[in-house]
Amino acid sequence: MMLIEPYKKELITSAVAAPSRPNYHIIIQSMPRGSRFFLEEVPWKVYAQLVEDLMGIRRIRISYNRGKMEIMSVSLQDDNEARFFGQLVQVLTEELGLEYTSTGSMTMTSERAEKGAEADDTFYIENLQRILGKERVNLDYDAPPDLAIEVDVTNPSLSKLPIYAGLGIGELWRYNERKIEFYELADGAYQRVAHSKIFPFLIAEALVTAIQNGKANGVNSMRRSFRQWVQAHKP
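Being a predicted model, the structure only gives us computed values, none of them experimental.

Student: I'd like a description of the sheet that holds strand β1 (residues 36–39), backed by residues and values.
Tutor: Sheet strands line up and pair through hydrogen bonds in the backbone, either parallel or antiparallel. Pairing in this open sheet of 5 strands is antiparallel, and the strands run β1-β3-β2-β6-β5 from one edge to the other. Here the strands that pair on one side only, and so sit at the sheet edges, are β1 and β5 (107–110). In this sheet, neighbouring strand axes are inclined to one another by 15 degrees on average, regardless of whether the strands run parallel or antiparallel. Across 4 bridges, β5 lies against strand β6 (residues 115–118) in antiparallel orientation. Bridge pairing in β6 places Met108 opposite Ala117. Strands β2 (60–65), β3 (68–73), β5 and β6 of the sheet are contacted by helix α3 (residues 44–53), whose axis makes an angle of about 155 degrees with β5.

Student: Please provide a residue-by-residue account of the nonpolar core, values included.
Tutor: Grouped together as the largest cluster of nonpolar side chains are 30 residues, with contacts concentrated most on Trp173, Ile180, Leu202 and Phe226. Sorting the residues of this core by element identifies α4 (76–96), β8 (147–151), β9 (171–175), β10 (180–186), α6 (204–217) and α7 (219–233) as the ones contributing at least two each. Sort the elements by how many residues they give to this core and α4 lands first, with 7 residues. Phe226 has contacts with Leu88, Val91, Leu92, Leu202, Ala206, Leu207 and Ala210, leaving out every residue within four places of it along the chain. Formed by 21 residues, the second largest nonpolar core is a distinct cluster that contains Leu139, Ala148, Tyr183 and Tyr190.

Student: Lay out α3 with the relevant residues and their values.
Tutor: Among the residues making up α3, those that are buried are Trp44, Val46, Tyr47, Leu50 and Val51. End-on, the buried residues of α3 take up no more than an arc of 165 degrees, which puts them together on one face. Packed against the buried residues of α3 are α2 (24–30), β2, β3, β5 and β6.

Student: How would you sum up the environment of Val193? Please name residues and give values.
Tutor: The residue Val193 is located in strand β11 (residues 189–193) in this model. Considering only alpha carbons, one finds Val193 and Tyr183, 10 residues apart in sequence, at a separation of 5.7 Å. In contact with Val193, not counting residues within four places along its chain, are Phe182, Tyr183 and Glu184.

Student: I'd like to hear about the pairing of β3, residue by residue, with values.
Tutor: Burial analysis of β3 places 5 of its 6 residues in the buried class, the great majority of the element. Alignment of β1 against β3, held across 4 bridges, turns out to be antiparallel. Counted as the bridge partner of Arg36 is Met72 from β3. As defined by bridge partners, β2 adjoins β3 across 6 bridges and the pair is classed as antiparallel. Opposite Arg61, over in β3, you have Met72 as the bridge partner. Here β2 hands over to β3 after 2 residues, with Arg66 in that stretch at a positive phi of 50 degrees.

Student: Go over the packing of aromatic side chains with me, naming the residues and quoting the values.
Tutor: The relation between two aromatic rings is expressed through the spacing of the ring centres and the mutual angle of the planes. Per the stated rule, a full pass over the model turns up 10 aromatic pairs. Consider the rings of Phe85 and Trp173, whose centres lie 6.4 Å apart with planes at 55 degrees: the pair is tilted. Placement of the pair is Phe85 in helix α4 and Trp173 in strand β9, with a sequence separation of 88 residues. Overall, Phe85 belongs to the buried group, its relative accessible area being 0%. Consider the rings of Phe201 and Trp229, whose centres lie 6.1 Å apart with planes at 25 degrees: the pair is stacked.

Student: Quick rundown of the side chain of Thr107? Include the residues and the values.
Tutor: Topologically, Thr107 is positioned in strand β5. Among the polar contacts made by the side chain of Thr107, one reaches the side chain of Glu118 at a distance of 2.7 Å. In contact with Thr107, not counting residues within four places along its chain, are Tyr47, Val51, Ala117 and Glu118.

Conventions adopted
- Residues numbered from 1 in each chain as written.
- Predicted model: local features only at pLDDT ≥ 70, side-chain atom pairs only at ≥ 80, totals over all residues.
- Heavy atoms only, no water.
- Pairing = 2+ DSSP bridges.
- Helix = DSSP H or I, 4+ residues; strand = E, 2+ residues; numbered from the N terminus.
- Axes fitted to C-alpha atoms, helices over the stretch in contact; angles between N-to-C directions.
- Contact = heavy atoms within 4.5 Å.
- Core = buried A, V, L, I, M, F, W, Y, C linked by side-chain atoms within 4.5 Å.
- Buried < 20%, exposed > 50% of the residue type's maximum accessible area, 1.4 Å probe, protein only.
- Arc of directions from axis to C-beta.
- Phe/Tyr/Trp six-rings, centres within 6.5 Å; stacked < 30°, edge-to-face > 60°.
- Polar contact = N/O pair within 3.5 Å; in protein donor to acceptor, adjacent residues only side chain to side chain.

See below:
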């Protein structure tokens, strides 16, 4: 699935039709924000090299699951909304006296599982001490993030849930502007749940209200009102 301007679509068609393998760099340069491009039968080594080549480019997210690969160009709206979650997690951990670190849209890979993903944000809370001091995280050996955030889950070509589950991420929050869903990893698969496992008193509606406030009135207003809600509901 992709929405590509006509002249850019011609570039992408030419890049995919290359005799050796697709020129992913041409594809990515031709993708407008908010578009997706899906491919199959992509070798792990090709995916891993592309991840290295694109290190630090924030607007691109690549998901990989055993040969299937989706390249997504993040829209400005999605990128802005994803940043709200970092502010809300900061308030939650402050009010509960917890330490944490955000690893942002860190590339998470497991060659053993042949899976890879770049969430919109990721957080270490319970596993924090296990990754402090590390410059890079390899989920074949290192502890996974405790929480991942995925923004804009409408019409993905490649389901992210099996990828995040294979990477061992204990909790996932999915946001699509109208609602937030909590997922908890159990027996190797995600189950949708009503409350966050990490923050058991937290409900999705409180996060949705906070984000709407942030979009309408700004980050400080969002933080103040959400902090009041947390103080009124935390154990």
